[in-house]
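Inside the fold
Chain by chain, the residues:
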Amino acid sequence: MNQNTKKFIFLQDKIKELNSHKLFEQGATFTQEELKIFMEFHIYAVWDFMSIVKSLQNFICPSTYPWRPNKYSKNGIAHLINEIVFSEESDVDENDNYFSHFDLYVSAMHDVGADSSNAMNFIEKFELHEHNLLEAPKESFKFIQNTFNCIKSNKLSNIAAIFTYGRETTIPDMFSKILSKIDEKDIRYNNLRLYIKRHIEVDSSRHGPLSIQLFNYTCENSQDIFDEAVEYAIKAIEARILLWDGVLKKINNTN
Ligand SMILES: [Fe+2]
C-alpha cells in the first residue's frame, strides 16, 4: 500500500494551511471579546470530539454484553481508546473535583465571560437525523455536520482518519498557536490554558503516536480503504479552516 499518495500530500498541505491561519497571526493576544467569540465557535468542536471517540470505542471495545475478547485488547488499541475516554470524560484535579474536558471547557468559557447557553441548548436538542432548526454559528454547524457525516459512514478507518489527522496529531501545533494568542498573565484564562496545555502535552506524547498506529491498523493494508479515509481527513481539516474563517470574520465585524 502506498501512503505517499497525492491526496495524502494534499492533506499535509491542508494541515500546514490550517496551522498558518490568519486568526493566529503573531502579534497582540486576543482581547476578552475576541476570546469569547473564539470559544463560542470552538465549543462545538470540543463537544463533537467525544462522539468521534465514542464511535471508535463502539468499534473497538464496545460496552455491550456478553463481552467477548477481541484482537484490540492485545495490540494496545483498546488501551488507547479507553485511556482517552477515561481522561476526556472522567478527569480529576488535585482537589478531587471530577469533570469531563467538555465541562472544563464550559467552565473556562464562563471565566472568560463567554456564553455557553446556545451551545448547551444545541447539544441538548441535537439528534443525528433532524437538526435543521437548531441555531449555531454557521461554520460551527458545518464543522459538526462534517464530523457526523464521517461517523455515519460507519467505517472504522474513516473515523480513525478524522480522529488521527483532524485531531490527535494536528492538535499540538494548532493549540500551541491558540495558546500564544492568550494573555498568559490573566488569571481569568487559567482554565482555558489548562485545557489547552493538557491537550498539547498528552496528544503530542501519547495520543498522537498511538492514533497513527490505530489508523494504520484500520487500513488493513488496503489502498482503497486508505484513500477513502484520507478524503475524510481532508474534509475535516477544510471544515476546521472554515471554522477559523468564521471566527475571524465575526471578530472583524465586531471590532
Ligand atoms: Fe487526545
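Residues numbered from 1 in each chain as written. Predicted model: local features only at pLDDT ≥ 70, side-chain atom pairs only at ≥ 80, totals over all residues. Heavy atoms only, no water.

Observations concerning the nonpolar core
Counting 87 residues, the largest nonpolar core has L56, I60 and W244 as the members making the most contacts within it. The greatest single-element share of this core, amounting to 16 residues, is contributed by helix α10 (residues 223–254). Setting aside residues up to four positions removed in sequence, I60 forms contacts with N70, Y72, I77, A78, I81, L156 and L214. (Core = buried A, V, L, I, M, F, W, Y, C linked by side-chain atoms within 4.5 Å. Buried < 20%, exposed > 50% of the residue type's maximum accessible area, 1.4 Å probe, protein only. Helix = DSSP H or I, 4+ residues; strand = E, 2+ residues; numbered from the N terminus. Contact = heavy atoms within 4.5 Å.)

Quick word on the pattern of salt bridges
Using the criterion set out here, one finds ten salt bridges in the structure. As a salt-bridge pair, R167 and D48 come within 3.0 Å of each other at their nearest N and O atoms. Separated by 119 residues along the polypeptide, R167 in helix α7 (residues 156–168) and D48 in helix α2 (residues 32–60) bring together distant segments of the chain. As far as burial versus exposure is concerned, R167 and D48 are alike and both buried. K155 is paired through a salt bridge with E228; the nearest N and O atoms lie 2.6 Å apart. In this pair, K155 is assigned in the loop between α6 (138–152) and α7 and E228 in helix α10, connecting sequence segments 73 residues apart. (Salt bridge = Lys/Arg side-chain N within 4 Å of Asp/Glu carboxyl O.)

Some details on the coordination of the iron ion
At this site the iron ion is bound by E168 (OE), D203 (OD) and H207 (ND1), with donor distances of 2.0 to 2.3 Å. Spacing between the donor residues of the iron ion along the chain follows E-x34-D-x3-H. Of this pair, E168 sits in helix α7 while H207 sits in helix α9 (residues 190–218); the two residues are 39 residues apart in sequence, bridging distant segments of the chain. The buried category is assigned to E168, whose relative accessible area is 1%. Classification of H207 as buried rests on a relative accessible area of 1%. (Donors = N, O, S within 2.8 Å, 3.2 Å for Na, K, Ca; no water.)

A few points about the packing of aromatic side chains
Considering all chains together, one arrives at 20 aromatic pairs under this definition. Measuring from ring centre to ring centre gives 5.8 Å for F8 and F226, while their planes differ by 40°; the resulting arrangement is tilted. Placement of F8 in helix α1 (residues 6–19) and of F226 in helix α10 is noted, with a sequence separation of 218 residues between them. A single burial state applies to F8 and to F226, both of which are buried. An angle of 25° between the planes, with centres 6.0 Å apart, marks the rings of F30 and F38 as stacked. When sorted by exposure, F30 lands in the same class as F38, which is buried. Each residue in the set Y44, W47, F122, F126, F141 and F148 is aromatic and connected to the rest through ring pairs, giving one cluster. Over the ring of F30 we find K181, and its NZ or CZ is 5.4 Å from the ring centre. Above the face of the Y232 ring, K235 is positioned so that its terminal group lies 4.7 Å from the ring centre. (Phe/Tyr/Trp six-rings, centres within 6.5 Å; stacked < 30°, edge-to-face > 60°. Lys NZ or Arg CZ within 6 Å of the ring centre and 35° of its normal.)

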